[in-house]
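One-letter residues, chain by chain:
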Amino acid sequence: MECHKHAAHEKNKEHKLCCVHKSKAGIRCPAPEFTTMAYYKGIKKISLSDYLGKYVVLFFYPLDFTFVCPTEIIEFSKKAEEFRKIGCEVLGCSIDSVFSHMEYTHKPREKGGLGDMAIPLLSDVTKKIARDYGCLLEHSADEGVALRYYT
């Protein structure tokens, strides 16, 4: 099955310039594959293909140790078991290193960290995952940071 975007691009060449469609992710399109390092009960390599046969909620957040994002990340972690019960895994992703993720989870919540997490935090230091999923800011004051994004 061909992705819906390709036909639209052929009909409207200007449509290609749209920021949203720089994404390789799209409705009725296969999710872009990735393999990256992650922190989840230790440092490990994780690929999207590890989750074949399951639903996946992949969410992006801008940076570790920012004051807004922890609430959302912690809530996803708290609900991880409920997602698993319906055959769905939750993965968090930012452009930070796996070592930053490790420190973020080792720092207690009351001191600005995440504490123990029930979900992997993916490291996207190359920014390829965020770019492929269409949430990387590339032309703004926050260039190089991923937006909050859920897919």
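As a reminder, the structure under discussion sits directly above these lines.
The present account deals with the structure reproduced in this document. (Residues numbered from 1 in each chain as written. Predicted model: local features only at pLDDT ≥ 70, side-chain atom pairs only at ≥ 80, totals over all residues. Heavy atoms only, no water.)

Remarks on the nonpolar core
F34, L58, F60, L122 and Y133 are the most contacted members of the largest nonpolar core, which has 17 residues in total. Put simply, the parts of the chain that give this core at least two residues each are β3 (55-60), β4 (88-94) and α5 (128-132). Counting residues in each nonpolar core, the second largest holds 15 residues, with C88, V90, M117 and I119 among its members. (Core = buried A, V, L, I, M, F, W, Y, C linked by side-chain atoms within 4.5 Å. Buried < 20%, exposed > 50% of the residue type's maximum accessible area, 1.4 Å probe, protein only. Helix = DSSP H or I, 4+ residues; strand = E, 2+ residues; numbered from the N terminus.)

Describing the state of the cysteines
According to the stated counting rule, one finds 0 disulfides in the structure shown. Of the cysteine sulfurs around C93, a residue in no disulfide, the closest is that of C135, at 7.4 Å. (Disulfide = S-S within 2.5 Å.)

Notes on the side chain of H101
Structurally, H101 is set in helix α4 (residues 98-106). One polar contact links H101 to Y61, side chain to side chain, over a distance of 3.4 Å. With sequence-adjacent residues up to four places away left out, H101 is seen in contact with Y39, Y61, D64, S94, D96, L121, L122 and S123. (Polar contact = N/O pair within 3.5 Å; in protein donor to acceptor, adjacent residues only side chain to side chain. Contact = heavy atoms within 4.5 Å.)

Notes on the pattern of salt bridges
Under the definition given, this model contains 8 salt bridges. Among the ionic pairs, K54 bridges to E89, the shortest N-O distance being 3.5 Å. With K54 in the loop between β2 (43-47) and β3 and E89 in strand β4, the pair connects residues that are 35 residues apart, well separated along the chain. Here K54 falls in the partly exposed class, since its relative accessible area comes to 45%. Overall, the relative accessible area of 12% leaves E89 in the buried class. Counted as one network, the salt bridges with shared partners bring together K54, E81, R84 and E89. (Salt bridge = Lys/Arg side-chain N within 4 Å of Asp/Glu carboxyl O.)

Section: α4
Among all positions of α4, only V98, S100, H101, Y104 and T105 are buried. Looking down the long axis of α4, one finds its buried residues gathered within 155° of arc, a one-sided arrangement. Check the buried side of α4 and you find it contacts β1 (35-39), β2, α2 (69-78), β4 and β5 (121-123). (Arc of directions from axis to C-beta.)

Let's talk about the pairing of β2
Pairing of β1 with β2, which is carried by 5 bridges, proceeds in the antiparallel orientation. Following the sheet pairing, T36 is matched in β2 by I46. Count of turn residues in the β1/β2 antiparallel hairpin: 3 residues, of which K41 carries a positive phi of about 55°. (Pairing = 2+ DSSP bridges.)

As for the side chain of S123
Position of S123 among the secondary structure elements: in strand β5. A residue is classified by how much of its surface remains accessible, and S123, at 6% relative accessible area, is buried. Within the structure, the side chain of S123 is placed 2.8 Å from the backbone oxygen of D96, a separation counted as a polar contact. A distance of 3.3 Å separates a polar atom in the side chain of S123 from the backbone nitrogen of V98. Leaving out residues up to four positions away in the same chain, S123 has contacts with T36, M37, A38, S94, D96, S97, V98 and H101.

Let's talk about the environment of S49
By secondary structure assignment, the location of S49 is in the loop between β2 and β3. For S49 and F34, which are 15 residues apart along the polypeptide, the C-alpha to C-alpha distance reads 7.9 Å.

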